[in-house]
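# Chains, contacts and geometry: an overview
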Amino acid sequence: QLQAFGGGLVQAGGSLRLSCAASGLTFSTYAMGWFRQAPGKEREFVAGINWSGLRTLYIDAVKGRFTISRDNAKYTVYLQMNSLKPEDTAVYYCAGHLGLDILARTRTPSYWGQGTLVTVSS
């Protein structure tokens, strides 16, 4: 199971930190990532991190603003979101899959968490 926390309402330019706690999987062997779905849009990959934490991927829209990290000892993955924009408003989901490159492309990762809503006001 994956449980995401940390969403909320923030003004443009502000910051939020999302957390996702994992259980029931061998966390340290899985690539982990964050997806988001804005109203009326398809769910999209946002950021991912490989099993060791040494490799990360980001979509262009969040590069330089978002940072993904993980703590394998705590079975937790984080998404630090800075300089938030109204277009970042979405439900954010964490996900896990074997292989970072596959995680970034798949619509059906092995593990999905429940979403957490991020609303950025202008």
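Residue positions are counted from 1 within each chain, in the order its sequence is given. Residue-level local features of this predicted model are given only where pLDDT is at least 70; pairs of side-chain atoms are given and counted only at 80 or more, and the full residue set underlies all totals for whole chains, interfaces and linings. Side-chain numbers here rest on the full set of heavy atoms in the structure, without hydrogens or water.

### Some details on the state of the cysteines
Each disulfide is one covalent bond, formed between the sulfur atoms of two cysteines. Throughout, a disulfide means two cysteine sulfur atoms within 2.5 Å of one another. Evaluated as defined, the whole model comprises 1 disulfide. Linked covalently through their sulfurs, Cys20 and Cys94 form a disulfide whose S-S length is 2.1 Å. Given an S-S torsion of about 55 degrees, the disulfide between Cys20 and Cys94 has right-handed geometry. Highlighted residues: Cys20 in strand β3 (residues 16-22) and Cys94 in strand β9 (residues 90-97), separated in sequence by 74 residues. Think of it this way: any DSSP run of H or I at least four residues long counts as a helix, any run of E at least two long counts as a strand, and we number them from the N terminus.

### Structural notes on the packing of aromatic side chains
Each Phe, Tyr or Trp ring (for Trp, its six-membered ring) is paired with any other whose centre lies within 6.5 Å, and the angle between the two planes then decides the class: stacked below 30 degrees, edge-to-face above 60, tilted in between. Evaluated as defined, the whole model comprises 5 aromatic pairs. An angle of 25 degrees between the planes, with centres 5.4 Å apart, marks the rings of Phe27 and Tyr75 as stacked. Highlighted residues: Phe27 in the loop between β3 and β4 (31-37) and Tyr75 in the loop between β7 (66-71) and β8 (76-81), separated in sequence by 48 residues. Per-residue accessibility, obtained with a 1.4 Å probe over protein chains only, is compared with the maximum for each type, and a residue is labelled buried under 20%, exposed over 50%, and partly exposed between these values. A residue is classified by how much of its surface remains accessible, and Tyr75, at 33% relative accessible area, is partly exposed. With centroids separated by 6.1 Å and ring planes inclined at 75 degrees, the aromatic side chains of Tyr93 and Trp112 adopt a geometry described as edge-to-face. Of this pair, Tyr93 sits in strand β9 while Trp112 sits in strand β10 (residues 111-112), placing them 19 residues apart in sequence. When its relative accessible area of 31% is taken as the criterion, Trp112 is described as partly exposed. The rings of Phe35, Phe45, Tyr93 and Trp112 are connected pair by pair, giving a single aromatic cluster. Above the plane of the ring of Tyr93 lies Arg43, whose end atom (NZ or CZ) is 3.9 Å from the centre. We count a charge as sitting over a ring when the NZ of a lysine or the CZ of an arginine lies within 6 Å of the ring centre and within 35 degrees of the ring normal. Sitting above the plane of the Phe27 ring, Arg70 keeps its charged end 4.4 Å from the centroid.

### Examining the side chain of Thr76
In this fold, Thr76 is placed in strand β8. When its relative accessible area of 10% is taken as the criterion, Thr76 is described as buried. At 2.8 Å, the side chain of Thr76 forms a polar contact with the backbone oxygen of Lys74. We define a polar contact as two N or O atoms separated by no more than 3.5 Å, with the added condition that, inside protein, one atom must be a possible hydrogen donor and the other a possible acceptor, whereas residues neighbouring each other in sequence contribute only through side-chain atom pairs.

### Here we look at the sheet that holds β3
Sheet strands line up and pair through hydrogen bonds in the backbone, either parallel or antiparallel. At least two bridges found by DSSP between two strands are what make those strands a pair. As summarised here, the arrangement of the 4 strands in space is β1-β3-β8-β7, forming an open sheet in which the pairing is antiparallel. Unpaired on one side and paired on the other, β1 (2-5) and β7 mark the two borders of the sheet. Going across the sheet, the axis of each strand differs from the next one's by a mean of 15 degrees, ignoring polarity. Here 4 bridges tie β1 to β3, and the two strands are oriented antiparallel to one another. Pairing of Phe5 across the sheet is with Ser19, part of β3. Lines fitted to C-alpha atoms define the axes here, with helix axes fitted over just the stretch in contact, and angles between the N-to-C directions of these axes take values from 0 to 180 degrees.

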